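Listed below are the residues making up each chain.
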Amino acid sequence: MRFDVITLFPDMVRAPFRYSLMARAIDAGLFGLQVHDLRQFAADRHRVCDDYPFGGGEGMVLKVDPIARAIAAAAQRGVRKQVLLTSPGGRRLDQAFARELAQLDQVLIVCGHYEGVDERVRQHIVDGEVSIGDYVLTGGELAACVIIDVVARLLPGVVGSRASVDNESFENGLLDHPQYTRPRVFDGLAVPEVLLSGDHGRIARWRRQEALRRTWRDRPDLLENAPLSEEDRRFLGALDVRRDSGFEAGSSDEHES
Ligand code: 6GU
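Because the structure is a prediction, the values reported are computed rather than measured. Residue numbers run consecutively from 1 along every chain, following the written order of its sequence. Given that this is a predicted model, residues contribute local features only at a pLDDT of at least 70 and side-chain atom pairs are listed and counted only at 80 or more, while totals for whole chains, interfaces and linings are drawn from all residues. Side-chain numbers here rest on the full set of heavy atoms in the structure, without hydrogens or water.

Each helix is a run of DSSP H or I of at least 4 residues and each strand a run of E of at least 2, with the numbering of both proceeding from the N terminus. Looking only at helices and strands, one finds 9 helices and 10 strands in the protein chain. Here the globule rule reads 2.2 Å times residues to the power 0.38, and the radius of gyration is calculated from C-alpha atoms. Over its C-alpha atoms the protein chain spans a radius of gyration of 23 Å, topping by over 25% the 18 Å that the globule rule assigns to 257 residues. Its C-alpha atoms put the protein chain at 70 × 40 × 40 Å along the principal axes. Computed by Shrake-Rupley with a 1.4 Å probe, the accessible areas treat only the displayed protein chains as cover when residues are assessed. Of the accessible surface of the protein chain, which amounts to about 14900 Å², a share of 50% is contributed by carbon and sulfur atoms.

We now examine the packing of aromatic side chains. Within 6.5 Å between ring centres, the rings of Phe, Tyr and Trp (the latter by its six-membered ring) count as paired, and their orientation is classed by plane angle as stacked under 30 degrees, edge-to-face over 60, tilted in between. Applying the stated criterion across every chain yields a total of 1 aromatic pair. Centre to centre, the rings of Phe3 and Phe31 are 5.6 Å apart; their planes meet at 90 degrees, and the pair counts as edge-to-face. On the criterion of sequence distance, the pair formed by Phe3 in strand 1 (residues 2-7) and Phe31 in the loop between helix 2 (20-27) and strand 2 (32-37) is long-range, its members being 28 residues apart. Assessed through its relative accessible area of 0%, Phe3 is described here as buried. Only lysine NZ and arginine CZ atoms are considered, and such an atom sits over a ring when it is within 6 Å of the ring centre and within 35 degrees of the ring normal. Its guanidinium or amino end placed over the ring of Phe97, Arg91 lies 3.8 Å from that ring's centre, counting from NZ or CZ. Whether a residue is buried, partly exposed or exposed follows from its accessible area with a 1.4 Å probe, protein chains only, as a fraction of its type maximum: under 20%, in between, or over 50%, in that order.

The definitions used throughout rest on a 1 Å grid laid over the protein atoms alone, on which a cavity is an enclosed set of points accommodating a 1.4 Å probe that cannot get out and a pocket is an open set flanked by protein within 12 Å on both sides along at least five of seven lines; lining residues are those having an atom within 4 Å of a point. Grid points are joined across faces, edges and corners, and a volume is the space filled by probe spheres set on the points. One number sums up the size of the largest pocket: a volume of about 450 Å³. Of the residues that constitute the lining of the largest pocket, the class distribution is 7 nonpolar, 4 polar and 6 charged. Note: domain ranges come from an automatic or database domain assignment. When we break the lining of the largest pocket down by domain, the ones giving at least three residues each are domain 1 (2-162) and domain 2 (167-257). Residues were grouped as follows: Ala, Val, Leu, Ile, Met, Phe, Trp, Tyr, Cys and Pro as nonpolar; Asp, Glu, Lys and Arg as charged; and all remaining residues, including Gly, as polar.

Mapped onto the secondary structure, Arg2 falls in strand 1. Here Arg2 falls in the partly exposed class, since its relative accessible area comes to 23%. Along the sequence, Arg2 and Lys81 sit 79 residues apart, while their C-alpha atoms lie 9.4 Å from each other. Contacts were defined at the residue level, with two residues in contact if any of their heavy atoms lie within 4.5 Å. Excluding its chain neighbours within four sequence positions, the residues that come into contact with Arg2 are Gly32, Gln34, Ala74, Gln76, Asp105, Gln106 and Val107. For this analysis, a polar contact is any N or O atom pair within 3.5 Å, provided that within protein one partner can donate a hydrogen and the other can accept it, and provided that sequence-adjacent residues contribute only side-chain to side-chain pairs. There is a polar contact of 3.1 Å between the side chain of Arg2 and the backbone oxygen of Ala74.

The next subject is a nonpolar patch on the surface. Think of a patch as exposed residues, more than 30% relative accessible area, with no salt bridge, where like charges cluster within 9 Å and nonpolar side chains (Val, Leu, Ile, Met, Phe, Trp, Tyr) cluster within 5 Å. A carboxyl oxygen of Asp or Glu within 4 Å of a side-chain nitrogen of Lys or Arg is what we treat as a salt bridge. Together, Phe9, Met12, Tyr135, Leu137 and Leu142 make up a nonpolar patch on the protein surface, roughly 440 Å² of accessible area in all. The class of Leu137 is partly exposed, set by a relative accessible area of 32%.

This brings us to the domain arrangement of the protein chain. In terms of domains, the protein chain is made up of domain 1 (2-162) and domain 2 (167-257). The gap between the C-alpha centroids of domain 1 and domain 2 is 38 Å.

Note on placement: Ser131 falls in strand 8 (residues 128-131). Of the residues examined, Ser131 reaches a relative accessible area of 4% and is grouped as buried. Those residues in contact with Ser131 that lie beyond four places of it in its chain are Ser87, Pro88, Gly90, Arg91, Arg92 and Leu93.

Let us look at the packing of helix 8 (residues 200-218) against helix 9 (residues 230-244). To get an axis, fit a line to the C-alpha atoms, keeping to the stretch in contact for a helix; angles then go from 0 to 180 degrees between the N-to-C directions. In the contact formed by helix 8 and helix 9, the axes pass within 10 Å of each other and the chain directions differ by 50 degrees. Taken together, the axis directions place helix 8 and helix 9 in an arrangement best described as oblique. Of the two possible hands of crossing, helix 8 and helix 9 adopt the one that is right-handed. Facing helix 8, whose interface residues are Arg205, Arg208, Gln209, Leu212, Arg213 and Trp216, helix 9 presents Glu231, Asp232, Phe235, Leu236, Leu239, Asp240 and Arg243. Looking at the contact of helix 8 with helix 9 residue by residue, the classes come out as 5 nonpolar, 1 polar and 7 charged. Any angle between 65 and 115 degrees counts as roughly perpendicular, while under 35 counts as roughly parallel, over 145 as roughly antiparallel, and the rest as oblique. Crossing handedness follows the turn of the near helix against the far one: under a right angle anticlockwise gives a left-handed crossing, and clockwise gives a right-handed one.

Following this line, the structure appears as structure tokens:
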């Protein structure tokens, strides 16, 4: 899969992918990242990509024609692709949207900037708009980086094992269970005994219950869509009873069935 980003600030988009897992994945050819400088597609000597708004008003507007030329230059023919504009009003990025994008051969991201983008880009040039959350960024570059990171880590081989992607928060519909590593006791804070027991069945059950408990406490909305077993539902039912009868729902390892 290949990502193309069209931006006035190419280094801002390249930088995060020079590190860690993403840098290794690109070096290994697991996905491509081409960042295009919008200025190279300006029509004039001064490489102007924005202009005053028709009708007057504050700020500058990104011009349609450099964006159209940049996309024409970057788009591959005959592949499954999407051209997306970053915009706070776009479709909200979530794990399901990321999985859709991960099926494509090419994703092109146009970074919105300044006060706005010529409406014809939205209406006629891109396939859709994407937002990374309900807040306003100064530009689309950080959003583009987030989108690429979230999608790229779903591609085969980018993250170590299939299991580490499948088991994490949101992929299984729940928040993650807690993790601990050495030392066993830090400053009087001990690791839950069950994790040292060597009893893998008991450990798996405890982890599932802690994931359920955290989700129930911090993101109960996720429980609506999470795939739950009968045993999960009994456990959650017991948490509801405890809450309704005035018990605190503190984290512990004392609630295994
Ligand atoms: Cl994609 N762009 C901007 N400018 N702000 C945002 C956003 C995108 N997503 C959330 N806020």
